[in-house]
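Analysis of the macromolecular model
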Amino acid sequence: MLEPLLAVKGLRKNFGALKVTDNVDLNVQKGEIHALIGPNGAGKTTLIHQLSGNLRSDAGSVVFAGQDITRLGMAERVHLGLARSFQITSILDGFSVLENVAMAVQARSGSSFRFFRDASREDEINIQANKALARVQLADRAYRRAGSLSHGEKRQLEIAIALATGARLLLLDEPLAGTGHEESAVLVELMRSLRGSHTLVLIEHDMDAVFSLADHVSVLVYGSVIASGEPSTVRSHPDVRAAYLGEEEIA
Ligand SMILES: Nc1ncnc2c1ncn2[C@@H]1O[C@H](COP(=O)(O)OP(=O)(O)OP(=O)(O)O)[C@@H](O)[C@H]1O
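Below, the structure is looked at part by part.

Cut-offs applied
- Residues numbered from 1 in each chain as written.
- Predicted model: local features only at pLDDT ≥ 70, side-chain atom pairs only at ≥ 80, totals over all residues.
- Helix = DSSP H or I, 4+ residues; strand = E, 2+ residues; numbered from the N terminus.
- Rg over C-alpha atoms; globule rule 2.2 N^0.38 Å.
- Buried ≥ 20, exposed ≤ 12 C-beta atoms within 10 Å, placed from the backbone.
- Contact = placed C-beta atoms within 7 Å.
- Pairing = 2+ DSSP bridges.
- Axes fitted to C-alpha atoms, helices over the stretch in contact; angles between N-to-C directions.
- Parallel < 35°, antiparallel > 145°, perpendicular 65-115°, else oblique.
- Left-handed = near helix turned anticlockwise from the far one by under 90°.
- Nonpolar A, V, L, I, M, F, W, Y, C, P; charged D, E, K, R; others polar.
- Near = placed C-beta within 6 Å.
- Core = buried A, V, L, I, M, F, W, Y, C linked by C-beta atoms within 7 Å.
- Domains from an automatic or database assignment.

**Brief notes about the overall build of the protein**
Counting secondary structure elements, the protein contains nine helices and 10 strands. Computed over C-alpha atoms, the radius of gyration of the protein comes to 18 Å, within 12% of the 18 Å expected from 2.2 N^0.38 for 251 residues, which places it in the range of a compact globule. By principal-axis analysis of the C-alpha atoms, the protein measures approximately 60 × 40 × 40 Å. Sorting the 251 residues of the protein into buried and exposed places 39% on the buried side. Considering only contacts within the protein whose residues lie at least 6 apart along the sequence, 69% involve residues at least 24 apart.

See the structure below:
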């Protein structure tokens, strides 16, 4: 068995007396699409926050690419290549699509926001930003105002921004939420195109998308992983079926 890119052991988060995640073990292999599913309130978003460094864990460890990152904050994790795709609210509507991505490239290169003083630096930043945009099929929107993009395109832009930070592993919290049928198909194709070159961990409620996309599915119920494995095995697991009774269709 290969060393996992992300190895989570015994992770826990309490909110007061409530154990929101409890003793979570998770292994994510390099290049895979790993879906986290579970009923509402199971602790999925909390777990993603613990992985991104947005929330400090009360117990357990997180190892990324062989390095213990449990005590590192979000910026340090991003620097190592573990990034959460930020919600649409972090897109700056008044800036162009290209500028939004260029800012992520610039942040990665470690400089402050002294905008484009050096022309060759500006070229290099824009080359990298355009590459990320091409990767998410938004190259033709580069000079549009980000605020004018459709909802689905904004989701593509979020992914471009995460890629521009140099992320090897992307954490995606419900990337398909609020998208229409066509937008969702574009995003599913985009995620599929990242498989192999990048590693994706996603929370998703759209079970058709999960089972058509994921290489590995982990099921969280009341903060604990009750099943983890290949989609077909997980889908037929009796505990998973029981957990989903009265919830989303998992048939
Ligand atoms: N900051 C907080 N303080 C107190 N309780 C919280 C906090 N954040 C989340 N919770 C509680 O933790 C539980 C798990 O929430 P979380 O959002 O992680 O679940 P989820 O699986 O992502 O749910 P959903 O699928 O509905 O988005 C819920 O009961 C929620 O009310």
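The rest of the description comes next.
**A word on the environment of Ile-161**
In this structure, Ile-161 sits in helix H5 (residues 151-164). Separated by 123 residues in sequence, Ile-161 and Gly-38 place their C-alpha atoms 27 Å apart.

**Structural notes on the pairing of strand E4 (residues 59-64)**
Each regular strand carries side chains that alternate between the two faces of the sheet. Taken together, the five bridges between strand E1 (residues 6-15) and E4 define a ladder with antiparallel strand orientation. Paired with Leu-6 across the bridge in E4 is Phe-64. Pairing of E4 with strand E5 (residues 67-68), which is carried by two bridges, proceeds in the antiparallel orientation. Across the sheet, Val-63 pairs through a bridge with Asp-68, a residue of E5.

**Observations concerning the sheet that holds strand E8 (residues 199-203)**
Ordered by their spatial adjacency, six strands build an open sheet running E6-E7-E8-E3-E9-E10, and the pairing between neighbours is mixed. Looking along the sheet, the strands with just one partner apiece sit at the ends: strand E6 (82-84) and strand E10 (224-229). Shown here is a sheet whose adjacent strand axes are inclined to one another by a mean of 15°, direction ignored.

**Brief notes about unusual backbone geometry**
With a phi close to 50°, Ala-65 is a non-glycine residue in the positive phi region. Examined against the element boundaries, Ala-65 turns out to sit in the loop between E4 and E5. Despite not being glycine, Gln-137 shows a phi value in the positive range, around 65°. Assignment of secondary structure puts Gln-137 in the loop between helix H4 (119-135) and H5. What makes Gln-137 partly exposed here is the crowd of 16 C-beta atoms within 10 Å.

**Some words on the packing of H5 against helix H6 (residues 181-194)**
Axis angle and axis distance: for two packed helices, these are the angle between their axes and the distance between the axes, and together they describe the pair. Closest axis-to-axis distance for the H5/H6 pair is 9 Å, and the angle between their directions is 15°. The angle between H5 and H6 places the two elements in the roughly parallel class. For the crossing formed where H5 meets H6, the hand is right-handed. For the pair H5 and H6, contact is made by His-151, Gly-152, Arg-155, Gln-156 and Ile-159 and by Glu-183, Val-186, Leu-187 and Leu-190, respectively. Considering only residue class, the contact of H5 with H6 consists of four nonpolar, three polar and two charged.

**Here's the deal with the site of the ligand**
In the vicinity of the ligand, the residues found are Phe-15, Val-20, Gly-38, Asn-40, Gly-41, Ala-42, Gly-43, Lys-44, Thr-45 and Thr-46. The greatest single-element share of the shell around the ligand, amounting to three residues, is contributed by helix H1 (residues 44-52). Across the shell around the ligand, the residue classes break down as three nonpolar, six polar and one charged.

**A look at the nonpolar core**
Ranked by internal contacts, the top residues of the largest apolar core, which has 63 residues, are Val-101, Ala-129, Leu-133, Ala-160 and Ala-164. By residue number, the principal contributor to this core is H5, which donates seven residues. When residues are assigned to domains, this core turns out to be shared by domain 1 (1-81 + 168-251) and domain 2 (88-167), each giving three or more. Once residues lying within four places of it in the same chain are set aside, the contact partners of Val-101 are Ala-129, Ala-132, Leu-133, Ala-160, Ile-161 and Ala-164.

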